[in-house]
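# Structural features, examined
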Amino acid sequence: LHCNTRSLGKNISLLHDILQTIKTLPDIIAISETKINENTCANLNIPGYFFINTNSKTQAGGVGLYLSTELEFTRRRDLDTSSDGIESCWVELQHQKQKNLVIGCIYRHPKGNRELFHDNLKTQLEELNSKGQEILVLGDINENFMCYNDDKQTSEYLDMILGLGLMPI
């Protein structure tokens, strides 16, 4: 499940309400625009989940992942980003009989440098692909896919994603 909360501290109760309506709780909840920083003092806990996050260096942005306490995972700080209008938070889920799954939550600020974002993400995804990793990326990247034919950066982004064997949904 992915939610853009536009301030997790202010909207945690809404997230709890959403989870109350779901028959089967998700194993992973990705949150973009957490607006969490070192001064945040809200209770962000959700029973049955671990919470990890990457703060933004601005007053907006930030990302986090709630992971079920039933999951075995490793934080992938080597993939985390917090700079230039981009934040990301990554984990790797351990699997015994199949490939490990690398999951990231990404937020690109609307006015963030698209070319820098595309280049950084491409480098990360190519490295994960070269190691045979299964990849799932969630988040708010502020790309309008409907502009594929009209915006060169959008078409280059989607071509890159598809070229790496990923399917945007």
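Okay, so let's go over this structure. (Residues numbered from 1 in each chain as written. Predicted model: local features only at pLDDT ≥ 70, side-chain atom pairs only at ≥ 80, totals over all residues. Heavy atoms only, no water.)

## A word on the side chain of Gln124
As a reminder of what qualifies: Numbered from the N terminus, helices here are DSSP runs of H or I no shorter than four residues, and strands are runs of E no shorter than two. Under this definition, polar contacts are N or O atom pairs within 3.5 Å; protein pairs additionally need one hydrogen-donor-capable and one acceptor-capable atom, and for neighbouring residues in sequence, both atoms have to be side-chain atoms. Throughout, a contact is declared for two residues whenever any of their heavy atoms are within 4.5 Å.
Here Gln124 shows up in helix H2 (residues 114-130). Here Leu79 takes part through its backbone oxygen, which lies 2.6 Å from a polar atom of the side chain of Gln124. Excluding residues that lie within four positions of it along the chain, Gln124 makes contacts with Leu79, Thr81 and Trp90.

## Concerning the pairing of strand S9 (residues 134-140)
The cut-off we apply is this: For two strands to be treated as a pair, DSSP must find no fewer than two bridges joining them. Every crossover in which the path from the first strand over the helix to the second runs clockwise, viewed with the strands pointing away from the viewer, is termed right-handed.
Two strands pair when backbone bridges link them, and strand S8 (residues 101-108) and S9 are joined in this way by seven bridges, in the parallel orientation. By the bridge assignment for S9, Cys105 is matched with Leu138. Assessed by its sense of winding, the connection that carries the chain from S8 through H2 to S9 is right-handed.

## Things to note about unusual backbone geometry
Leaving glycine aside, a negative phi is the common case for residues, and trans is the common case for peptide bonds. Unlike most non-glycine residues, Glu33 shows phi in positive territory, near 55°. Structurally, Glu33 is set in the loop between strand S2 (28-32) and strand S3 (49-54). In this structure, Asn142 takes a positive phi of about 50° despite not being glycine.

## A short note on the environment of Thr5
Note that Thr5 resides in the loop between strand S1 (2-4) and helix H1 (8-20). When the C-alpha positions of Thr5 and Thr34 are compared, they lie 6.2 Å apart, and in sequence the two are 29 residues distant. Aside from chain neighbours lying at most four places away, what touches Thr5 is Asn11, Ile31, Ser32, Glu33 and Thr34.

## Observations concerning the pattern of salt bridges
Side chains that carry opposite charge are capable of pairing whenever their charged atoms lie near each other. Quick reminder of the rule: Salt bridges are identified by distance alone: a Lys or Arg side-chain nitrogen within 4 Å of an Asp or Glu carboxyl oxygen.
Considering all chains together, one arrives at nine salt bridges under this definition. For Arg76, the salt bridge is made with Asp78, and the minimal N-O distance between the two is 2.8 Å. If you follow the salt bridges from partner to partner, you end up with Arg76, Asp78 and Glu92 in one network.

## Observations concerning the nonpolar core
Heads up, the condition is: Among the buried residues, those of types Ala, Val, Leu, Ile, Met, Phe, Trp, Tyr and Cys that are joined through side-chain atoms within 4.5 Å form a nonpolar core. The classification of residues rests on relative accessible area computed with a 1.4 Å probe and restricted to protein chains. Under 20% of the type maximum is buried, over 50% is exposed, and intermediate values are partly exposed.
Ranked by size, the top nonpolar core spans 17 residues in total, and within it Trp90, Phe117, Leu121, Leu125, Tyr157 and Ile161 carry the most contacts. Residues within four places of Phe117 in sequence aside, it is in contact with Ile86, Ile106, Arg108, Ile141 and Tyr157. In terms of nonpolar packing, the next biggest core, distinct from the first, is built from 13 residues, Ile28, Ala30, Leu67 and Cys105 among them.

## Observations regarding the packing of H2 against helix H3 (residues 152-163)
The line we're drawing: Helix axes are fitted only over the stretch in contact, all axes being lines through C-alpha atoms; the angle between N-to-C directions runs from 0 to 180 degrees. Angles below 35 degrees are treated as roughly parallel, those above 145 as roughly antiparallel, those between 65 and 115 as roughly perpendicular, and all remaining angles as oblique. Basically, the charged four are Asp, Glu, Lys and Arg, the nonpolar ten are Ala, Val, Leu, Ile, Met, Phe, Trp, Tyr, Cys and Pro, and anything else, Gly included, counts as polar.
One way to put it is that H2 packs onto H3 with a least axis distance of 11 Å and a crossing angle of 5°. Between H2 and H3, the angle is such that the two are roughly parallel. Residues Arg114, Glu115, Phe117, His118, Leu121, Lys122 and Leu125 of H2 pack against Gln153, Thr154, Tyr157, Met160 and Ile161 of H3. Looking at the contact of H2 with H3, its residues break down into six nonpolar, three polar and three charged.

## Thoughts on the side chain of His118
Tracing the backbone through its elements, the reader meets His118 in helix H2. His118 gets classed as buried once you look at its relative accessible area, which sits at 9%. The contacts of His118, once residues within four sequence positions are left out, are Glu143, Gln153, Tyr157 and Met160.

## A look at the sheet that holds S1
Read across the open sheet, the four strands follow the order S1-S2-S4-S3; overall the sheet is mixed. The open sheet is flanked by S1 and S3, the only strands paired with a single partner. Between one strand axis and the next, the sheet turns by 15° as a mean value, whatever way the strands run. Helix-sheet contacts for H1 involve S1, S2, S3 and strand S4 (63-68), and the interaxial angle to S2 is about 145°.

No statement about biological role is implied by the geometric values presented.
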